[in-house]
Amino acid sequence: MSFLIPATARYALLGAVIMATSSVQASTSLPLQKAIEQAIAQDPLLQKRHHQQQATYAQGLAAGTLPDPKVSLSMMNLPVDGWQHDREAMTQLKVGVSQQFGRGDELALKREQLQIASEEYPLLRADRVAQIRAQVSQLWLDTYLAERTIALIEQDKALFEQLVDVSKASYANVVGRTRQQDVIRAQLELLQLDDRLSVEYQKRESARAQLLAWLRGAQAHIAWSDINLPETLPQLKVAVPAIFVQGKPDAERLLERLTSHPVVLAQDVRIEAAGKGVAIARQQYKPQWGVNASYGYRSDMPDGSSRADFFSLGVTLDVPLFTDNRQDQWLNSAQSNREAIKTDKLLLLRELSGQVEKEASQLRRLSERQTLYREQLLQQTHEQAEAALTAYTNDNGDFAEVVRARIAELNARVAAKQIDVDALKTVVRLNYYLTTYQPGVNDE
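Summary of the structure given here. Here the residue numbers are simple positions, counted from 1 along each chain's written sequence. Under the rules for a predicted model, residues below a pLDDT of 70 receive no local features and side-chain atom pairs below 80 are neither given nor counted, while totals for whole chains, interfaces and linings still include all residues. Only hydrogens and water are set aside when side-chain values are computed; all heavy atoms of the structure are taken into account.

Section: the nonpolar core
Here is the rule: Residues belong to one nonpolar core when they are buried, are Ala, Val, Leu, Ile, Met, Phe, Trp, Tyr or Cys, and are joined through side-chain atoms within 4.5 Å. Only protein chains enter the calculation, and the probe is 1.4 Å; a residue is then buried if its accessible area is under 20% of its type maximum, exposed if over 50%, and partly exposed in between. Numbering of helices and strands starts at the N terminus; helices are DSSP runs of H or I of at least 4 residues and strands are runs of E of at least 2.
If you look at the biggest cluster of nonpolar residues, it comprises 54 residues, and the most contacted ones within it are Val-136, Trp-140, Phe-244 and Val-356. At the level of elements, helix H2 (32-42), helix H5 (120-172), helix H6 (180-216), helix H7 (251-258), helix H8 (262-283), helix H9 (327-393) and helix H10 (399-433) are the ones that each hand at least two residues to this core. Broken down by element, the residue count for this core peaks at 12 residues, all from H10. Counting 19 residues, the second largest nonpolar core, distinct from the first, contains Ala-186, Leu-193, Leu-197 and Ala-388.

Listed below in structure tokens is the structure:
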């Protein structure tokens, strides 16, 4: 349906399109890398892991040390019918000391086990850094997408507001052929744009709040009004492109890479510590030794004659004879625990491998869509919108077609931005799974 509208209104409409497509937003003050660095610097869990490492290492030093010797002091054989310490020959003041030793190499093995366990925490810190990088990147990209989508919609909103005014003017013009349904259609599209804006504002506020939670740390006064994101997306690449052949991960290279992931290496540490646990359980079959020594002082006799003092020396040990329900079960438990941790490692490798396969497949499809949008869809929807607007301003086009074409172009531009962001988020997740532990580099 075509209709006539005043030339001034048509030119005003064309001017609104030009202004909508040429608006520019302010520059940024928070690039992605800066957000990541700030989140890492503010993360309290990294400091907690450091203290846990120190605590476990100190526990190892304590566990490998002999127990404190025991000192005893006693008055022996004191007669109760006078409580005199020099009347009976057996009365003596006795001072003793005893020392208990570990079973076999039990103490040394416990020290080694805990010191090995402390080596897990640098790996957990490295994994935490990689997790922060991935999570903050995705929140940053979510915020960026919401802001850019809002900007695109607001650019076109000015055009649709002009469309409403033009349709009303044409409908009120007795020479025009605008129908009431065209006016309603323009108003409806404007209302739907407002609804889309509300949805995007909601997404933006949610992403901003989560991102600020990472950035604030102890600085609770930071507000979003102090932060601006850049207009352009960062350049993110897959960490190890050599692993992928035609977009698909090579199984052998991938497994080699995944075995160096911090969480996998942490499982190796747990397996080694569990191996020490098996060795400790084997020590329970050995006897536990102890030594004791005492000195007994006796007072002189009532007539002044001296009495000899006593010195005693002894050795104690237990004999593990009944091992079925104690030592054997401790050993079985330690061995099963080690095998369970080995199984956890296999499951973890399987999960990481599956995630890499999934993300790589998604990245391939997103790359195909990016090519389609950049080379065809964006250009074609723009040309269609321009052609519809030109025909309309020359009184040869249909009002509804102008609306449909502009909506299609807006949808294509929003979808293209969504695909770009999804591709980068996929790269971020892939890079997390391909993280390797490098002491002094990713161990913050």
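Some details on the packing of helix H3 (residues 44-63) against helix H4 (residues 106-118)
When two helices pack together, their arrangement is given by the angle between the helix axes and by the axis-to-axis distance. How we decide: Axes, fitted as lines to C-alpha atoms, cover a helix only where it is in contact. Angles between the N-to-C directions of the axes lie from 0 to 180 degrees. Working rule for angles: under 35 degrees goes down as roughly parallel, over 145 as roughly antiparallel, 65 to 115 as roughly perpendicular, anything else as oblique. When checking whether two residues touch, look at their non-hydrogen atoms; a contact exists if any pair is within 4.5 Å.
Where H3 contacts H4, the axes come no closer than 7 Å and their chain directions differ by 175°. The angle between the axes of H3 and H4 places the two elements in the roughly antiparallel class. Where H3 approaches H4, its residues Gln-53, Thr-56, Tyr-57, Gln-59, Gly-60, Leu-61 and Ala-63 are matched on the opposing element by Leu-107, Lys-110, Arg-111, Leu-114, Gln-115, Ala-117 and Ser-118.

Overview of the side chain of Ser-299
With respect to the element layout, Ser-299 can be found in the loop between strand S5 (289-297) and strand S6 (310-317). The exposure class of Ser-299 is buried, given its relative accessible area of 11%. Residues contacting Ser-299, with those up to four places away along its chain left out, are His-85, Asp-86 and Arg-307.

Focus on empty space enclosed by the protein
Our working rule: Cavity means a closed set of points on a 1 Å grid over the protein atoms alone, one where a 1.4 Å probe fits but cannot get out, pocket means an open set with protein on both sides within 12 Å along at least 5 of 7 lines, and lining means a residue has an atom within 4 Å of a point. Grid points are joined across faces, edges and corners, and a volume is the space filled by probe spheres set on the points. Ten residues, namely Ala, Val, Leu, Ile, Met, Phe, Trp, Tyr, Cys and Pro, are considered nonpolar, four, namely Asp, Glu, Lys and Arg, are considered charged, and the remaining ones, Gly among them, are considered polar.
All chains considered together, the criterion is met by 1 cavity of 30 Å³ or more. Approximately 30 Å³ is the volume found for the largest cavity. Around the largest cavity sit Arg-103, Gln-284, Arg-326, Gln-327 and Trp-330, which together line it. Tallied by class, residues from the lining of the largest cavity come to 1 nonpolar, 2 polar and 2 charged.

Focus: a nonpolar patch on the surface
Here is the rule we go by: Here, patches come from residues exposed beyond 30% relative accessible area and free of salt bridges, joined within 9 Å for like charges and within 5 Å for nonpolar side chains (Val, Leu, Ile, Met, Phe, Trp, Tyr). Only the protein chains shown count as cover for residues, and the accessible areas themselves come from Shrake-Rupley with a 1.4 Å probe. Salt bridges are defined by distance alone: a side-chain nitrogen of Lys or Arg within 4 Å of a carboxyl oxygen of Asp or Glu.
A surface patch of nonpolar side chains, about 1,100 Å² in accessible area, is lined by Val-71, Leu-73, Met-75, Leu-93, Val-95, Val-97, Tyr-295, Tyr-297, Phe-311 and Leu-313. Of all the secondary structure elements, the ones that give two or more residues to the nonpolar patch are strand S1 (70-76), strand S2 (92-100), S5 and S6. Mapped onto the elements of the fold, Val-95 is located in strand S2.

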